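Here's the letter readout for the chains.
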Amino acid sequence: MEQRSPQIERFIQAINQSLTVNSWTQRELCEQMGITIGSMSKYLAGKVDPNDVKFRVQAALARTLGLTADSLFHFYESGEYHSAIT
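We now turn to the structure provided with this report. What you see is a predicted model; the values in this text were computed from it and never measured. (Residues numbered from 1 in each chain as written. Predicted model: local features only at pLDDT ≥ 70, side-chain atom pairs only at ≥ 80, totals over all residues. Heavy atoms only, no water.)

### A short note on the overall build of the protein
Broken down by element type, the protein carries 5 helices and 0 strands. Each helix and strand of the protein, ordered N terminal to C terminal, gives the series α-α-α-α-α. For 86 residues, the compact-globule formula gives about 12 Å, and the C-alpha radius of gyration of the protein, at 12 Å, lands near that figure. Seen through its C-alpha atoms, the protein measures out along the principal axes to roughly 40 × 30 × 20 Å. Within the protein, buried positions represent 38% of all 86 residues. By sequence separation, contacts in the protein at least 24 residues apart represent 52% of the contacts at least 6 residues apart. (Helix = DSSP H or I, 4+ residues; strand = E, 2+ residues; numbered from the N terminus. Rg over C-alpha atoms; globule rule 2.2 N^0.38 Å. Buried < 20%, exposed > 50% of the residue type's maximum accessible area, 1.4 Å probe, protein only. Contact = heavy atoms within 4.5 Å.)

The following block contains the structure:
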């Protein structure tokens, strides 16, 4: 089995966190993100690198977490949410 990158693992973690904090089903999160359930399945299976996901989808995911897109991308790279405005 191929090892997934930390960015993919964190992308999956962010999706699962959004599902949990919002008490949404996968289908409800798909509606919020503007994606199909098939895309969500690929994301959760680790088959898609977050760098290959459209910005509008990433921005929508960030909004569901109460974050900026920059903060979400920082999380993918570092494992920490960065929300300070400078």
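Right, picking up where we left off after that structure.
### As for the environment of Thr36
As for its position among the elements, Thr36 is in the loop between helix H2 (26-33) and helix H3 (37-44). Sequence separation of Thr36 and Gln26 is 10 residues, and the distance between their C-alpha atoms is 9.8 Å. Reaching out from Thr36, the side chain makes a polar contact with the backbone nitrogen of Ser39 at a distance of 3.1 Å. (Polar contact = N/O pair within 3.5 Å; in protein donor to acceptor, adjacent residues only side chain to side chain.)

### Here we look at the packing of helix H1 (residues 6-22) against helix H4 (residues 55-64)
Running from N to C, H1 and H4 point in directions that differ by 45 degrees, and their axes come no closer than 9 Å. Taken together, the axis directions place H1 and H4 in an arrangement best described as oblique. The interaxial crossing formed by H1 with H4 has left-handed handedness. Each of Phe11, Ala14, Ile15, Ser18, Val21 and Asn22 in H1 lies in contact with H4, whose residues at this interface are Gln58, Leu61 and Thr64. (Axes fitted to C-alpha atoms, helices over the stretch in contact; angles between N-to-C directions. Parallel < 35°, antiparallel > 145°, perpendicular 65-115°, else oblique. Left-handed = near helix turned anticlockwise from the far one by under 90°.)

### What about the side chain of Ser18?
In this fold, Ser18 is placed in helix H1. Residue Ser18 is classed as buried on the basis of its relative accessible area, which comes to 0%. Excluding residues that lie within four positions of it along the chain, Ser18 makes contacts with Trp24, Leu29, Leu61, Thr64 and Leu65.

### Examining the packing of aromatic side chains
In this description, a pair of aromatic rings is defined by centroid distance and the angle of the planes. Tallied over the full model, the rule gives 6 aromatic pairs. Aromatic pair Phe75 and Tyr76: ring centres 6.5 Å apart, planes at 50 degrees, arrangement tilted. Residue classification places Phe75 among the buried residues on the basis of a relative accessible area of 3%. Considering the side-chain rings of Phe75 and Tyr81, the 4.2 Å spacing of their centres and the 15 degrees angle between planes classify their relative orientation as stacked. According to the relative accessible area criterion, Tyr81 is partly exposed, its value standing at 31%. Taken together, Phe11, Tyr43, Phe55, Phe73, Phe75, Tyr76 and Tyr81 form an aromatic cluster joined through their ring pairs. (Phe/Tyr/Trp six-rings, centres within 6.5 Å; stacked < 30°, edge-to-face > 60°.)

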